[in-house]
Amino acid sequence: MESIKGRFAPSPTGRMHLGNAFCALLAWLSARSQGGRLLLRMEDLDPQRSRERYARMLMEDLLWMGLDWDEGAGIPGEEEKQYWQSRREEEYAKALDLLKWQELLYPCFCTRAELHAAEAPHASDGQVIYSGRCRELTMEERQEKEKHRRPAIRIRVPDEMISFTDGCRGVYEENLAWDCGDFILRRSDGVFAYQLAVTWDDGVMGVSQVVRGSDLLSSTPRQIWLQRLWGFPQPQYYHAPLLLAPDGRRLSKRDGDLDLGALRSRIGPEELVGKLAFWAGILPKEEAVTPRELVSLFDWEKVKKQDILLDTPMLDF
Ligand code: GLU
């Protein structure tokens, strides 16, 4: 049997926070408990928001927690740059060309305001479902519009249900045309979109297991459809619960007091790992442990299915 290959795919747009640490621990345990390998890919596509110093800190924070990887960013060698999305633009241009030849792409000139018109319906992830306004423009109309505005590139989705079984959440399905709409593969500023880069990279890097936060569950049908178009096998997906702040918001990089920089001054790595494992449902009580010690205890059956609300005392450390 082919061995499992899991991955960490963080965006280095800030210091790692508690929610990222939780997800990274689950990704590591999931792969290691099945005898698998892990790769680290830096999703630093957005030049406005990504910083190399955050990427370096991210690697340091993962290692501090006891989470290692076998391939990718930070592993010395010629190929390291292959694992930084900002250095893979040529690859993404090729990936886009493959879809162009299938006549699935079209330029979209809509402005943000046009897209967010009051009546625009929204998908489950809050994104506007695209009306298809630019889909049927004639060649002349496109040429005229191109004089004034650089277009984004969209892909035309089929009226088709994409269904898959998530290893944590069970069956999930979406009709691409009705629940999502034609989506962007390259933004009007030329930056390749997350959906294109992540699907292409998981495919060419041979990732067979994807563990990530449940906020990305609704991206998965789009990614499965792209995999089929490019001819990649479908990885096994596990969408882990999110950690929610006491007010029900999802923890984010804005919660500075819960980033690893602040946490590391208050708590040791084994204590932190023990807390995260307890919250996830892997440990029956909170105790200091290393990720290694959790490997034999790990089972997705134990992991909570719903997002985890943290109350104030839980965050008091
Ligand atoms: N880079 C994304 C993030 O940090 C995760 C992408 C993925 O796991 O598919 O949110």
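Computed from a predicted structure; not experimentally measured.

What counts and how
- Residues numbered from 1 in each chain as written.
- Predicted model: local features only at pLDDT ≥ 70, side-chain atom pairs only at ≥ 80, totals over all residues.
- Heavy atoms only, no water.
- Pairing = 2+ DSSP bridges.
- Helix = DSSP H or I, 4+ residues; strand = E, 2+ residues; numbered from the N terminus.
- Axes fitted to C-alpha atoms, helices over the stretch in contact; angles between N-to-C directions.
- Near = heavy atom within 4 Å.
- Polar contact = N/O pair within 3.5 Å; in protein donor to acceptor, adjacent residues only side chain to side chain.
- Nonpolar A, V, L, I, M, F, W, Y, C, P; charged D, E, K, R; others polar.
- Core = buried A, V, L, I, M, F, W, Y, C linked by side-chain atoms within 4.5 Å.
- Buried < 20%, exposed > 50% of the residue type's maximum accessible area, 1.4 Å probe, protein only.
- Contact = heavy atoms within 4.5 Å.

All right, on to the sheet that holds strand 3 (residues 71-72) then. Read across the sheet, three strands follow the order 1-2-3 without closing on themselves; strand pairing throughout is parallel. A strand with exactly one partner marks an edge of an open sheet, and here the two such strands are strand 1 (5-8) and strand 3. Two elements, strand 1 and strand 2 (residues 37-40), share four bridges in a ladder whose sense is parallel. Counted as the bridge partner of Gly6 is Leu38 from strand 2.

What follows deals with the sheet that holds strand 4 (residues 105-108). The strand order across the open sheet built from three strands is 4-5-8, with neighbouring strands paired in antiparallel fashion. Strands at the two margins of the open sheet, each flanked by one partner only, are strand 4 and strand 8 (183-186). The average undirected angle you get between the axes of adjacent strands in this sheet is 45°. Two strands pair when backbone bridges link them, and strand 5 (residues 152-155) and strand 8 are joined in this way by three bridges, in the antiparallel orientation.

The environment of the ligand is formed by Arg7, Ala9, Pro10, Ser11, Glu43, Tyr194, Val198, Arg212 and Leu216. Within the side chain of Glu43, one N or O atom sits 2.7 Å away from a nitrogen atom of the ligand. Within the contact set of the ligand, an oxygen atom lies 2.8 Å away from a side-chain nitrogen or oxygen of Arg212. Here the residues of the shell around the ligand sort into five nonpolar, one polar and three charged.

We now examine the nonpolar core. Counting residues in each nonpolar core, the largest one holds 54 residues, and the members touching the most others are Phe8, Leu18, Leu26, Met65 and Leu276. Of all the secondary-structure elements, those providing two or more residues to this core are helix 1 (18-33), strand 2, helix 2 (52-65), strand 10 (236-240), helix 9 (260-264) and helix 10 (269-280). Here this core takes ten residues from helix 1, the largest share from any one element. Once you skip the residues sitting within four places of it in the chain, Met65 turns out to touch Met16, Ala21, Leu25, Pro269, Leu272, Val273, Leu276 and Pro291. Residues Tyr83, Trp200, Ile224 and Leu226 belong to the second largest nonpolar core, which totals 33 residues.

Another point: the environment of Ser50. Judged by its relative accessible area of 11%, Ser50 falls in the buried class. In the structure, Ser50 is positioned 39 residues away from Ser11 in sequence and 7.1 Å away in space, judged by C-alpha atoms. When neighbours within four sequence positions are excluded, Ser50 is seen to be in contact with Pro12, Thr13, Glu43, Asp44 and Leu45.

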